[in-house]
Structures are given as C-alpha cells and as structure tokens.
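Residue-level structural notes
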2 protein chains.
Amino acid sequence: MISKSMEQLMKGNSVIRALFEEGKEMAKEVGAENVYDFSLGNPSVPAPEAVGTAIKKILKNENSLYVHGYMSNAGYEEVREAVAQNLNQRFGTDFEWEGILMTVGAAGGLNVVLRTLLDPGDEVICFAPFFGEYRNYVHNYQANLVVIPPNPPSFQPNVDMLAEMITERTKAVIINNPNNPTGVVYSAETLDRLEVILKAAEERIGHPIYVISDEPYRELVYDGVEVPFMTKHIRNCIIGYSFSKSLSLPGERIGYLAVPKAADDYESLLEGLAIANRVLGFVNAPSLQQLMIRECLNEQTDVAAYDKNRKFLYESLKDMGFECVKPEGAFYLFVKSPVADEKAFVAEAKKHHLLLVPASSFGCPGYVRIAYCVSYDMIKRSMPAFKALAEVYFG
Amino acid sequence: MISKSMEQLMKGNSVIRALFEEGKEMAKEVGAENVYDFSLGNPSVPAPEAVGTAIKKILKNENSLYVHGYMSNAGYEEVREAVAQNLNQRFGTDFEWEGILMTVGAAGGLNVVLRTLLDPGDEVICFAPFFGEYRNYVHNYQANLVVIPPNPPSFQPNVDMLAEMITERTKAVIINNPNNPTGVVYSAETLDRLEVILKAAEERIGHPIYVISDEPYRELVYDGVEVPFMTKHIRNCIIGYSFSKSLSLPGERIGYLAVPKAADDYESLLEGLAIANRVLGFVNAPSLQQLMIRECLNEQTDVAAYDKNRKFLYESLKDMGFECVKPEGAFYLFVKSPVADEKAFVAEAKKHHLLLVPASSFGCPGYVRIAYCVSYDMIKRSMPAFKALAEVYFG
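These notes cover the structure that comes with them. (Residues numbered from 1 in each chain as written. Chains lettered and ligands numbered in written order. Predicted model: local features only at pLDDT ≥ 70, side-chain atom pairs only at ≥ 80, totals over all residues.)

**A word on the packing of helix H1 (residues 4–11) of chain A against helix H10 (residues 266–279) of chain B**
- Where H1 of chain A meets H10 of chain B, the axes come as close as 10 Å, and the angle between the chain directions of the two elements is 85°. Taken together, the axes of H1 of chain A and H10 of chain B are roughly perpendicular relative to one another. For the pair H1 of chain A and H10 of chain B, the contacting residues are Met6, Leu9 and Met10 of chain A in the first and Ser268, Glu271, Gly272, Ile275, Ala276 and Val279 of chain B in the second.
- Tallied by class, residues from the contact of H1 of chain A with H10 of chain B come to 6 nonpolar, 2 polar and 1 charged. (Axes fitted to C-alpha atoms, helices over the stretch in contact; angles between N-to-C directions. Helix = DSSP H or I, 4+ residues; strand = E, 2+ residues; numbered from the N terminus. Parallel < 35°, antiparallel > 145°, perpendicular 65-115°, else oblique. Contact = placed C-beta atoms within 7 Å. Nonpolar A, V, L, I, M, F, W, Y, C, P; charged D, E, K, R; others polar.)

In structure tokens form, the structure reads like this:
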C-alpha cells in the first residue's frame, strides 16, 4: 500500500541511481575492469588525510558525550562560527554564526529550505538543464517545479525568460553553480541580471523570492575560472553547500546552509530552517563530522586529478567527432547525442559497457552527461569503447 | 516569506527543544551546576569504547573512497546483512539483508516510511501519550494524525478504541515501545490484541495498515522486563530503530528500518523506502557510522547507571508525595501534576531551576516528563529543589 505519489516516483526512479545499480550488476557479469561507469558523481579522489587525522584527534581529546551527543538542531555553535569566519575571510562576506546551519549534505539542506518556504501549490523555478532531484524535492512538499528551457550552446541560464514565469505563488529559484550536468560556471553578469529581474518581480508580487544556490561544486573549477560568490550578487540568497565533492565525503552527509544578514525575514528564516531540520527527521547534521569539518575548512581536494581527466576526455571525444560543452567546473562533460533521441544513444553506449546518463533526466533531451570523477586509468581503458561508439554514428 | 505551515510550527515550536535552549541560557546566568535540566532525552552514559576503537580501525584499514563514498541509498549491503543476522540471532527472526535499510536515526527512518506510505489527506493513528514529533512528521506529508486518548494508570495503549478510529484513509499506526514519555513497556498481550484488530480492519477497508514501531529504547529496560519483539506479534510491521540511546550516539544520526519478509507489498515497500531516503535528502545514512555499527552490534550501554537514577528518583519523588508511573523502560519518569494545569506546575518547577516537560506536548495534559538520563550527582543535588517544589503543593 505504497502512496500514489511514491508509485509515480517508482515509475520514474532516478535514472542515475538505476545506472549505478545496473553498473554493479554488469561488473559482476563481465568483470569490474570491463565496465566504464561514468554515471555517478561519486568523487574518485580520496578524502584529504587531514580528515582522518581530525577524526582521530577529536576521538582522543574530546568527551564522548560532546562528540556524539545532541546539540542545537542547527549544529554546534563553535562549528557554525568557524564556517562563518572561514567564508568571511575567503570571500569578504559578513556571515554571522547564527546564519550558518549545519545540514545532512546539500540534499538535506535543500529539503530543509523547501520545507521552510513552501505550502502546497507554491512554485519553485529552475533553469534546465538541472539536477533532476530538484523536482522530487519540490514535490515532497506538494509544490510545483517550473522549468525554464535550456540555453545552448553557452548553457548560461536563460534569465530573460524568468520574469514571465514568476507568479504570486513563486517562492524560490534554484540555481546550481558550477552546474551539474553541464560543467558551466554562471557568470557574475548573469547573476547581476538575475538580481535585477528578481528585485522587480518581488516588488510586483509583494513578497521575497529566495534564490537557493546549490553549490557542492564551488571549489571544483579549472583554468583559473572564478565562481562568483552568490550572496555578493543576490541579496535574498540561501546557499546550500556540501563537503561531498570538495572533501570527497559524499557518504558522510555533511554540509551547511548559509543565510546572509541582508536576506528578508532573516530571523524567522533561521528559526524556520532549524525547525525544518528537526521535523524532517535530520534532527542535526552528524556530530562527529561537524567537529571534523571545523578542523578541515581550509583543506582542498586534488582538483588537478579531475582536471587531467577533463582535458583528456574532452579532447579525445572531440577528436572522435562528438560535440561537447567545454566544462569549466564540476566533474561532468556534457555531450550532444549524435541522434535526437539520446536514450537510444545511451542504450547503444551500454552495448560497449559505457554507462552514460541521458540528459532527459536533467530536463535537456538530446544530450548525455559523462561524470569524469573516475580513475584516469579507466578513462584510458574506455577509449576503444568510445571509438567503437563513434564508429556507429560517424562511420 | 516563511510558509503558512512553518508559521504554525514556529508558534508551537517543540517545548522540549525550547526548554533545552532555555536551560543553556539559565546555566549562563546561575551557573550550570545550579540548573537541574531533566528536559532532553540526551544519554548521560558515554558511548562504549568499542565505538571509537571501531572508527579508528576502519580509518586505518579501509580505503577512503569506500569509507566516505556513496553506496546504495539503502546502505552498505554488508552492514545491512550484519544487522539482519544480528536480529535473527537475538530474536529468532528471519530478516533478509534486503529488508534492512540504514537511516539517519529513527526520526529519519520514520519520515522515510511516512513519505513512502502517505498521500495528502491520509491518516496515521497513534496512542497518547506519544512523542510529539510524530504529529510534525505526519504533517510533513499533508496527512493527519489521529490520537487515541491516554489510558491511565497503566498507560498500556487503548487498543479497544482502535477499531472505531480506522477509516479507509488509515495507512499506519505508530507505536513506541518502551514508551516515551511514560517508560511503560507494551505487553505481548496488548500487541496480540492490536494485531487481531488490525487484521479485521485490513479485511474491512481492503488494504494493509502498517504498524510503524519506533523503538530507540528497545535495549533500555529494567527489572528483567522483556520487550516483546514486534514482528513476532504484528505481521505488517516496520521497525524504526536508532542507536541514539542504546549506544549513546544521538548526534551521529544512525539507525535502521527493518521490514519482515511477511509484510504485504514487501518488494515495492523496500523500493519505495530507498527512494524516499534519497528524495527526502538523506541520500544514505552516514557512511563511517554505518561501518562502525557493523562492529558494534553486540555492544551495550551501561543500563545499570540509568537504573540507579530511576530507582533513586522514583523512590524519592514518591516519598515527597508525587504520583509517578513506575518506569520499566526508556529513561523517563512520568509524574502526575499536583494541579490540573501541568504547565503551571512546570512554571513553578522552573523557579527552582528544575526543567521538566509538560506532557501536553505528548497529548497527555496533567502530567510531566522527567528525563533521568542525567548524572546521578545532578539528581542528588536536585533533591532540595524537588523538596521545595513538593512543599508548594503538599505543604
């Protein structure tokens, strides 16, 4: 007696997760070394050594009741203070510790924000292509996701279309920068235009529209590209951050929300977020990982490893005839399908044991996503398979 | 621009959490040693040493990508297998590893079950007194909580009233055994009667009604009392377990759901639960803690310490003239307020720096909850305050 809403979800179960499970099955059949799984955004670079060192130090020096016990639903005050200070130092912002709420990853953080803002029938806008889970997150609260079509070939968000999509039910806009699945970094100019449009719309509809900035890939950029810091461009912005990619800790579920003092309804927003964190059943972000994060805020992942993968894969696939968006951030390559129906392309790729994600699941049919957070060795080994795939389409 | 539903929540913000915050403030004013905070179910016994040992061992021996990376949304297969085997050995059950889903504590697990079962307008039944968060969990999914009144002085659930409360919209019954806030253990006889009533109702309304068994206190029982193992009495039962109390890890957010093979719609239920875990933003239970749990399934907390607190507090308060329910499990003492309005009693107690929880928040006005998961020393130090409080009412 599953709910109707869950039945719907089961029908359209995450293509990415399904591929992940399929890949595990395929590996059992043909051997793990013969499956080229580019489906999941699971970091291939180990966590920095400082992570383990910090955990051991905390277990050794701190009281068990402190390390593993309850704290305020928003997190340890000293951890929130450390995160605020670190952001302020790095980005010249003025976050208070009260404005930081530790969360169960960015996925947890986004749900917390949506639970706080949405009543049934409300609307959230996002720009295609987008991480498909946003739709599910919004549906959790009986609200609607409104999607603005993709904007190839730059894949900068089509902010000009935003004004006409905003209604009185619009509560939030989700953006994801650097973008999953395109790897594109949204420019400061795009964000400034976005802010102008939002300001005018807020005036018109009479209530704030929050930009929820999902930024697990903030630290993963290449070629010296700078990711504009969101709250410097958008006043009503709530940042959802995760250490999943920047410290290679996706399984640990640790991240934070950051709300700038300048945001409308700052105080009640913070109170609502803490309550949402509790009533959704997160209660608080995992305690030991919170304390670890305080020690590791200046740690960095090995971006050079991803960069090496990016360059090799991008150049190789272009040489074979594939049309690729040049990724500036994250660890995804966005490739145009040689045939209109990219699901047929994905099925063909699977015959060569290449697992790619059809971009229909990102609201952008006709493209596929290749996650290059894998070993360089696997990418090299996959080349004959990609060549054989190119043969099918380009002769 | 908080949602209307969140505005409601903010008005009735958790009394328990509010007390917790108030206690911290009071401690700053009069000194922590002069505040007798009995408000929160935060274990006072440190986690077993094996927890830290296991974590260090895992960090030393295992690959970082395995320890901190993504796994299936339902958790590591090897951890689920270990949990299933452990339950089967201890309770003579026949759980499969597929029937175990690792969760972000029991609060996370309960939300996962409700997200899977509920459409807006559906109904969930529970027996007062009950953990007040159940109402919020059910409201997250726009469903309604139907409360069956308390049954003093035994505080066994009033199952005889259940049949008439079940409608076609009834999807689940939540029970909590041993019970928070009463400390009462539901008997096998009660559960068997519950099952008979549910069977008849399922036949009548034509679909399963799942009993969601919230059992973080399963291991915390005294005087040799046995907690009946739920799935042996109720076929359509989903267990929500947490290691928060049994291993003193409330901040870590680690627990599991256990679904017996015999449950209706077993396969689709498991698929739905894994999807709900993902779309609610948990994604998976914290990875390092999952791996730790596998090593610590036979570890036990120091129940004797709680038992010492229980006996001393129960006897002392009875001697002073208070009417108390004798607790057989959990770490709560349920005390009848000397005046009808227990909030006035709680306010009076606060003057003596005693923080108690009014049981209105558990659907049982006229009583208060005293959490004795505190140091024995604090209980001893609080005696003059309790005596002064008794003076107010009993002269």
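**Quick word on the interface of chain A and chain B**
- Listed per partner, the contact involves 71 residues of chain A and 71 residues of chain B.
- For the side of chain A that touches chain B, the secondary structure elements donating two or more residues are H1, helix H2 (15–30), helix H3 (49–61), helix H4 (64–68), helix H6 (105–117), helix H7 (133–140), helix H10 (266–279) and helix H11 (287–295) of chain A.
- Its residues assigned to classes, the side of chain A that touches chain B shows 32 nonpolar, 26 polar and 13 charged.

**Details of the sheet that holds strand S5 (residues 170–176) of chain A**
Residues and elements named next belong to chain A.
- Taking strand neighbours across the sheet as the criterion, the 7 strands line up as S2-S8-S7-S6-S5-S3-S4 in an open arrangement whose pairing is mixed. Because the sheet does not close on itself, it has two edges, and the strands there are strand S2 (100–103) and strand S4 (144–148). Across this sheet, the average inter-strand angle for adjacent strands is 20°, counted without regard to direction.
- Strands in contact with helix H5 (residues 77–91) are S2 and strand S8 (255–258); relative to S2, the strand with the most contacts, it is inclined by about 115°.
- Of the strands in this sheet, strand S3 (123–127), S4 and S5 are in contact with H7, which crosses S4 at around 150°. (Pairing = 2+ DSSP bridges.)

**Describing the environment of Val392 of chain A**
- Considering the arrangement of structural elements, one finds Val392 of chain A in helix H14 (residues 376–394).
- With 14 C-beta atoms packed within 10 Å, Val392 of chain A lands in the partly exposed category. (Buried ≥ 20, exposed ≤ 12 C-beta atoms within 10 Å, placed from the backbone.)

**Remarks on the sheet that holds strand S3 (residues 123–127) of chain B**
All names here are of chain B.
- A sheet is described by the order of its strands in space; here 7 strands give the open sequence S2-S8-S7-S6-S5-S3-S4, paired in mixed fashion. Among the strands making up the open sheet, the edge pair consists of strand S2 (100–103) and strand S4 (144–148). Neighbour-to-neighbour, the strand axes of the sheet open up by a mean angle of 20°, direction not taken into account.
- With 4 bridges connecting them, strand S6 (residues 210–214) and strand S7 (residues 237–242) associate as parallel partners. Looking at the pairing, Val211 lines up with Cys237 of S7.

**Re the packing of helix H5 (residues 77–91) of chain B against helix H11 (residues 287–295) of chain B**
All names here are of chain B.
- As a packed pair, H5 and H11 sit with axes 9 Å apart at the nearest point and diverge in direction by 35°. Here H5 and H11 pass one another in a crossing that is left-handed. Every residue of H11 that contacts H5 at Glu78, Val79 and Ala82 is listed here: Gln290, Leu291, Ile293 and Arg294.
- For the contact of H5 with H11, the class distribution of residues is 4 nonpolar, 1 polar and 2 charged. (Left-handed = near helix turned anticlockwise from the far one by under 90°.)

**Some points on the relation of the copies chain A and chain B**
- Between chain A and chain B, which share one sequence, the superposing operator has a rotation angle of 180° and an axial displacement of 0.0 Å; the RMSD is 0.0 Å. Taken together, the turn and the small shift mark the pair as related by a two-fold rotation axis.
- Same-surface contact between copies: 99% of interface residues of chain A are shared with the interface of chain B. (Least-squares fit on C-alpha atoms with pLDDT ≥ 70 in both.)

**So, the pairing of strand S13 (residues 367–371) of chain B**
All names here are of chain B.
- Along S13, 5 of the 5 residues are buried, which leaves the element largely enclosed by surrounding structure.
- The side-chain alternation of S13 yields two buried faces, one formed by Tyr367, Arg369 and Ala371 and the other by Val368 and Ile370.
- Here 5 bridges tie strand S10 (residues 332–336) to S13, and the two strands are oriented antiparallel to one another. Bridge pairing in S13 links Phe334 to Arg369.
- Bridging between strand S12 (residues 357–358) and S13 involves 2 bridges; their strand directions are antiparallel. By the bridge assignment for S13, Val357 is matched with Arg369.

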